[in-house]
Amino acid sequence: MSMRAATEHSEKAYALLKADAEKIRKLIEVQMDNLTMPQCPLYEEVLDTQMFGLSREIDFAIRLNLIDEHTGKQILSELERKLAAFHEATVGG
């Protein structure tokens, strides 16, 4: 694979992972706004399932050398920070 193609694949993988992280954030936002509270087992199950799925996608991308481990951790950390901030704003601490 050429260097250009590898770079394009890496950039696409990163964009897809960021988009999936954003979808999770929006899903949790909608769920908290309309359906359940954070103490609800359904909320926790959805969050755990979505975060696990994203972490597996990131692990797969790392194994394929599409992103490095640091970048993968950044994607997860950024999503966790956004969800924590949203949770804090919604339930007030």
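Residues numbered from 1 in each chain as written. Predicted model: local features only at pLDDT ≥ 70, side-chain atom pairs only at ≥ 80, totals over all residues. Heavy atoms only, no water.

Student: If you had to explain the overall build of the protein to someone new, which residues and values would you point to?
Tutor: Tallying secondary structure elements over the protein gives 3 helices and 0 strands in all. Beginning at the N terminus, the succession of helices and strands in the protein can be written as α-α-α. Each of the three principal axes of the protein carries a C-alpha extent, and together these read 50 × 20 × 20 Å. Counting every position in the protein, which comprises 93 residues, the buried fraction comes to 27%. Roughly 6300 Å² of accessible area belongs to the protein as shown, and the carbon and sulfur atoms make up 57% of that amount. Treating the 11 positive side-chain charges of the protein as one cloud and the 16 negative ones as another, the clouds have centres 6 Å apart. (Helix = DSSP H or I, 4+ residues; strand = E, 2+ residues; numbered from the N terminus. Buried < 20%, exposed > 50% of the residue type's maximum accessible area, 1.4 Å probe, protein only. Areas by Shrake-Rupley, 256 points an atom, 1.4 Å probe, with all protein chains shown as cover. Lys, Arg positive; Asp, Glu negative; His and termini not counted. Charge placed at Lys NZ, Arg CZ, Asp CG, Glu CD.)

Student: Give a description of helix α2 (residues 41-63) that names residues and reports values.
Tutor: Over its 23 residues, α2 runs 33 Å from end to end, which matches the ideal 33 Å to within 8%, given 1.5 Å per residue. What α2 keeps buried is the set Y43, L47, M51, L54, S55, I58 and A61. Backbone geometry just downstream of α2 places N65 in the positive-phi region, at approximately 60 degrees. (Expected span 1.5 Å × (residues − 1).)

Student: For the nonpolar core, give the residues involved together with the corresponding values.
Tutor: Ranked by internal contacts, the top residues of the largest apolar core, which has 17 residues, are L17, I28, M51, L54, I58 and L79. Those elements that place two or more of their residues in this core are α1 (3-35), α2 and α3 (69-91). In terms of residues, this core owes the most to one element, α2, which gives 6 residues. If sequence neighbours within four positions are ignored, M51 has contacts with I24, L76, L79, E80 and L83. (Core = buried A, V, L, I, M, F, W, Y, C linked by side-chain atoms within 4.5 Å. Contact = heavy atoms within 4.5 Å.)

Take it as geometry only, folks, not as evidence of what the structure does.
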